[in-house]
Amino acid sequence: MCLALPAQILQIHPGDTGMATVSVDGVKVEVSLALVDDVQVGDYVLVHVGYALNKIDEDEAIKTLALFAEAGLTSAP
């Protein structure tokens, strides 16, 4: 089973790197934006193995993080 976590984009790296810094459950990680279009700082994306897979709605991201926390998989949002 694969698991993608909601993450909020904190910074899009300058230039043509296609990379961004995101926050996954309060932890900052670097991810590739190669698979997504039209994302901006503040947007939520689903992240799996270092790649943002797609953009998701903020409400959906918050609900998903709350469910993960309820299951003990992450801390509370």
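Please read these numbers as outputs of a predicted model, since none were measured by experiment.

## A closer look at helix α1 (residues 58–70)
Spanning 13 residues, α1 covers 18 Å between terminal C-alpha atoms, matching the ideal 18 Å at 1.5 Å per step. Every buried residue of α1 is listed here: Ala 61, Thr 64, Leu 65 and Phe 68. One side of α1 holds all its buried residues, which, seen down the axis, span an arc of 100°. Seen from the buried face of α1, the exposed residues on the opposite side, beyond 90 degrees, are Asp 59, Lys 63, Leu 67 and Glu 70. Those residues of α1 that are buried are in contact with β1 (5–12), β4 (44–48) and β5 (51–56). One or two positions beyond α1, positive phi appears at Gly 72, with a value near 80°.

## Side note on unusual backbone geometry
Phi is positive for Asp 38, close to 55°, though the residue is something other than glycine. Relative to the elements of secondary structure, Asp 38 occurs in the loop between β3 (27–32) and β4. Even without being glycine, Val 49 reaches a positive phi, approximately 40°.

## Notes on the nonpolar core
Membership of the largest hydrophobic core is limited to 12 residues, which are Ala 7, Ile 9, Ala 20, Val 22, Val 24, Val 31, Leu 33, Val 36, Val 39, Val 45, Val 47 and Ala 52. Counting residues per element, the ones that place at least two in this core are β1, β2 (19–24) and β4. Of all the elements, β2 adds the most residues to this core, at 3 residues. Each residue touching Val 45, except ones within four places of it in the same chain, is listed here: Leu 5, Pro 6, Ala 7, Ile 9, Val 39, Ala 52, Asn 54, Lys 55 and Ile 56.

Parameters at a glance
Residues numbered from 1 in each chain as written. Predicted model: local features only at pLDDT ≥ 70, side-chain atom pairs only at ≥ 80, totals over all residues. Heavy atoms only, no water. Helix = DSSP H or I, 4+ residues; strand = E, 2+ residues; numbered from the N terminus. Expected span 1.5 Å × (residues − 1). Buried < 20%, exposed > 50% of the residue type's maximum accessible area, 1.4 Å probe, protein only. Arc of directions from axis to C-beta. Contact = heavy atoms within 4.5 Å. Core = buried A, V, L, I, M, F, W, Y, C linked by side-chain atoms within 4.5 Å.

Remember, this is a structural readout, not a statement about activity or role.
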